[in-house]
Protein chains: 2
Amino acid sequence: MPVATHITEAMSSSSFIRRMFEEGLMMKSRFGADNVYDFSIGNPDLEPPAKVARMLAAEGAEAKPGSHGYMPNAGYPETRAAMAKKVSGEQGVEIDAGRVVMGVGAAGAMNAVLKAVLSHGDEVLVSAPFFPEYAHYARNHGGILRSIPAKEDFSLDVAAIEAAISSKTAALIINSPNNPTGKIYPAELLAELGAALTRAKARTGRAVLVIADEPYREIVYDNRKVAPIFPVWPDSVVVSSFAKNLSLPGERIGYVVVNPASSWAQELTDAVIFCTRVLGYVNAPATFQRIVAECWNEKVDYSSYLKRRNLLTGILDEAGIEYSVPEGAFYLFCKVPERRVTSGNPADDAAFCDHLKANHVLGVPGKGFGKPGWFRLAYCVSEKTITLSREAFKKARIEW
Amino acid sequence: MPVATHITEAMSSSSFIRRMFEEGLMMKSRFGADNVYDFSIGNPDLEPPAKVARMLAAEGAEAKPGSHGYMPNAGYPETRAAMAKKVSGEQGVEIDAGRVVMGVGAAGAMNAVLKAVLSHGDEVLVSAPFFPEYAHYARNHGGILRSIPAKEDFSLDVAAIEAAISSKTAALIINSPNNPTGKIYPAELLAELGAALTRAKARTGRAVLVIADEPYREIVYDNRKVAPIFPVWPDSVVVSSFAKNLSLPGERIGYVVVNPASSWAQELTDAVIFCTRVLGYVNAPATFQRIVAECWNEKVDYSSYLKRRNLLTGILDEAGIEYSVPEGAFYLFCKVPERRVTSGNPADDAAFCDHLKANHVLGVPGKGFGKPGWFRLAYCVSEKTITLSREAFKKARIEW
């Protein structure tokens, strides 16, 4: 048995998201792109701001010496300074470039943070439902992801989180706007969380590092604001990327910002830089570091996501499928409808996603998100795809 | 103590290469670039082929929809096909695109391979001296790097490797041309290695995965050839990147190719793809995947490395510093000279590198490479830097 047993086991229970995405690519080539309604993955279909292409063209025209070479593991000083400016504005706290570490996407950035703080057997808390990859990221570095069910409206259950904290708790991941629910945590809730973490620290003697994973921060509806974590809890980092807001997911460009209020801000920053290096990321890709340093503040019109949200919820209403209305991001988290025709566990989300797939609709079962009985639809797809999916959803509902 | 203890410990004994590189950047801004002779890091100063810039310009001009989006974790089919063609030629074995996984540099690719095969406590063998990061890469995934001293001429000691193999041995890393020695392993030596691995497998019941780390394959002197591993041992992978041969180290673009002759080729490929995903690399950067698919076969003139090698060896001869003549790559591995003036352990490589640094020459102690008493000079720097370093080397030798 040459592949490690724990890897073979992890693979067999692995992410439906990627499986569905790759199955979708095959179905599209077989049935035609218009005949497959692929809501499987958060691959934004908005194009990057025009400045990205202009900068690429200029990079090509200039071909400056050394521009594809190594730079310090933390990133170019100019890029770190730009991220510090961006996150200072978001968090309402003055942040120095020295607190920024560029990463290979938010995923690479989060892995570097988790490796920096996890000792073998440590726990990482997360509110369920959650992005399933978090479980792998914790396990990569000897940790264990422990999920705490959210409240019924999908907001954080602060009391339950506080109760779950022990001296084994190294970190808490919060993700607002949330994938898969689109929930945004308001400032009062984060203030409550800060108070709970203060009490927990007094009880356990260990500070829990809050990792605010914010790739969807810019994608919000009805003028909502994503509240900052830095003012309410010193031992915190923001992890984010330009995958969603600048639509550059394939370029793997993200960052970590360490809260300057933390008493171990320097030590943690150094450890994240070290882990970025030894995990083999080495540095965030050079050309796109220069691009995001200039483009992070480009105005992007996200209103089409709202339009698409409303288009898809209209179709689900018509089909008779319930969902939670997202406040941000581009996912609809939906309840598996009651069975009327087929037999089996009424809320079996994997069976329902298979049933949807037979109707050429690709969604992802809720089980992997820690919430069985639900499923996720990513609506960062064309309006045409959404519109064309209408009959498929209705048929799937009727025949279920 | 919020940073994990094992990380703090690893950091304190961490790579001199990066420390020297970052110190060099500071020294250059203080003393002027012409007054610091920075031989610390393998950051190639050759520029990428002109086609890279042309492709970047074209990418910018076209701005094709979806070109910065996600693709399958293994990479674009076209890029995988191009790498299969490249490595088929190098290994003399027909390779299908399905055996290729694109990675975030060779470092990312190797981490994905090691995670795929290592169970807790497994050993990874390597011939010393070796690239120091290998120790971290093994440890990241619960493994232990075990180094086997090379023969006196820095070639592989196959008998010693065979003797070291036990049922705990998951992998063997070979690196030809070698960093830091520039040694190339001839075909007969690899055939001997294949025979030894066959005997070891019969003895232990476990096949050792050979990881051939080949980032310097194209950079060879005197028309030497880098012998292929695939024909001599089925359980093998090639890991490489375009950091050195196309001078794109900052762009983090590499790959793994699994030997199609392995009886678990499909299983291992799937596991490497899975590990690429869950380690947070997700995929190799999109734009540079397209670029290397078109540019991998560009002709690059590496003759300047030979010229620089000869320039630097001339200076070392003059100064009276011994070295091993590299057959490839762009590193000179040198012996710490006998002390005549200063006191202390005569072969103390860290002290000698400090002494060089006081003379504005940056090299890296051999201890981190598993070979105390030696030091490494990376000569992928301008001829001017090499020429200007002459007096500094002479002075350092005289005053040591």
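Coordinates for the structure precede this section.
Bear in mind the structure is a predicted one, so any value in this text is a computation, not a measurement.

**Q** Would you mind showing me how to read the environment of Ser-29 of chain B here?
**A** Looking at the element boundaries, Ser-29 of chain B is found in helix H2 (residues 16-31). Looking at Ser-29 of chain B, the relative accessible area reads 66%, which means it is exposed.

**Q** Is there a simple way to explain the interface of chain A and chain B in this structure?
**A** By a widespread convention, an interface's size corresponds to the accessible area lost as its parts come together. At the interface, 78 residues of chain A touch 78 residues of chain B. Taking both partners together, chain A and chain B bury about 5900 Å²; carbon and sulfur atoms supply 58% of that area. On the chain A side of the contact with chain B, Arg-18, His-68 and Tyr-70 of chain A bury the most area, a combined 13% of that side's loss. Measuring nitrogen to oxygen at the nearest pair gives 2.7 Å for the salt bridge that ties Glu-133 of chain A to Arg-277 of chain B. The interface formed by chain A and chain B includes 37 residue pairs in polar contact (both at pLDDT 80 or more). Going through the elements one at a time, helix H1 (5-12), helix H2 (16-31), helix H3 (50-62), helix H5 (105-117), helix H6 (133-140), helix H9 (265-278) and helix H10 (286-295) of chain A are the ones with two or more residues in the side of chain A that touches chain B. With 8 residues, the top contributor of residues to the side of chain A that touches chain B is H9 of chain A.

**Q** I'm lost on the environment of Ser-40 of chain B in this one. Help?
**A** Residues and elements named next belong to chain B. Locating Ser-40 in the fold gives a position in the loop between strand E1 (37-38) and helix H3 (50-62). For Ser-40, a relative accessible area of 0% corresponds to the buried category. As a C-alpha pair, Ser-40 and Ile-17 span 23 residues in sequence and 5.9 Å in three-dimensional space. Beyond its immediate sequence surroundings of up to four residues, Ser-40 is in contact with Ile-17, Met-20, Phe-21, Leu-362, Val-364, Arg-376 and Ala-378.

**Q** Where do I start with the sheet that holds strand E9 (residues 323-324) of chain B in this structure?
**A** Hydrogen bonds between backbone atoms are what pair the strands of a sheet, whose relative direction is either parallel or antiparallel. All names here are of chain B. Spatially, the 4 strands line up as an open sheet ordered E9-E10-E13-E12, and their pairing is antiparallel. On the outer flanks of this sheet lie E9 and strand E12 (364-365), each paired with one strand and no other. Where helix H11 (residues 303-319) meets the sheet, its contacts fall on E9, strand E10 (331-335) and strand E13 (374-378), and the angle it forms with E10 comes to roughly 15 degrees.

**Q** Hey, could you run me through the relation of the copies chain A and chain B in this one?
**A** One copy of the chain maps onto the other through a rotation about an axis followed by a shift along the same axis. When chain A is brought onto chain B, the operation consists of a screw motion whose angular component is 180 degrees and whose axial shift is 0.0 Å, with 0.0 Å RMSD remaining. The symmetry that links the two subunits is that of a two-fold axis. Among all residues of chain A, the minimum C-alpha distance to the rotation axis is found for Ala-57 of chain A, at 2.0 Å. Counting the interface residues of chain A, we find that 100% of their copies in chain B are interface residues as well, pointing to one common contact surface.

**Q** Whenever I open this one, the side chain of Asn-359 of chain B confuses me. Can you help?
**A** Residue and element names in this part refer to chain B. The topology assignment puts Asn-359 in the loop between helix H12 (349-358) and strand E11 (361-362). A polar side-chain atom of Asn-359 sits 2.9 Å from the main-chain carbonyl oxygen of His-355. Non-local contacts of Asn-359, meaning those with residues more than four positions away in its chain, are made with Tyr-37, Ala-392, Lys-395, Ala-396 and Glu-399.

**Q** Just to check I follow, could you spell out helix H5 (residues 105-117) of chain B for this structure?
**A** Quick reminder: α-helices carry 3.6 residues per turn. Residues three or four places apart thus point the same way. Between its first and last C-alpha atoms H5 of chain B spans 19 Å; for 13 residues at 1.5 Å apiece the expected length is 18 Å, and the two agree. The buried count for H5 of chain B comes to 13 of 13 residues, which makes it a mostly enclosed element.

**Q** Mind showing me how you'd approach the pairing of strand E3 (residues 123-128) of chain A here?
**A** Regular strands place their side chains on alternate faces of the sheet. All names here are of chain A. In terms of burial, E3 is largely enclosed, as 6 of its 6 residues are buried. Of the two faces of E3, the one carrying Glu-123, Leu-125 and Ser-127 and the one carrying Val-124, Val-126 and Ala-128 are both buried. Pairing geometry for E3 and strand E4 (residues 144-149), over 6 bridges, is parallel. Bridging from a neighbouring strand, Glu-123 pairs with Ile-144 of E4.

Parameters and conventions
Residues numbered from 1 in each chain as written. Chains lettered and ligands numbered in written order. Predicted model: local features only at pLDDT ≥ 70, side-chain atom pairs only at ≥ 80, totals over all residues. Heavy atoms only, no water. Helix = DSSP H or I, 4+ residues; strand = E, 2+ residues; numbered from the N terminus. Buried < 20%, exposed > 50% of the residue type's maximum accessible area, 1.4 Å probe, protein only. Contact = heavy atoms within 4.5 Å. Buried area = accessible area lost by both parts, 1.4 Å probe. Salt bridge = Lys/Arg side-chain N within 4 Å of Asp/Glu carboxyl O. Polar contact = N/O pair within 3.5 Å; in protein donor to acceptor, adjacent residues only side chain to side chain. Pairing = 2+ DSSP bridges. Axes fitted to C-alpha atoms, helices over the stretch in contact; angles between N-to-C directions. Least-squares fit on C-alpha atoms with pLDDT ≥ 70 in both. Expected span 1.5 Å × (residues − 1).

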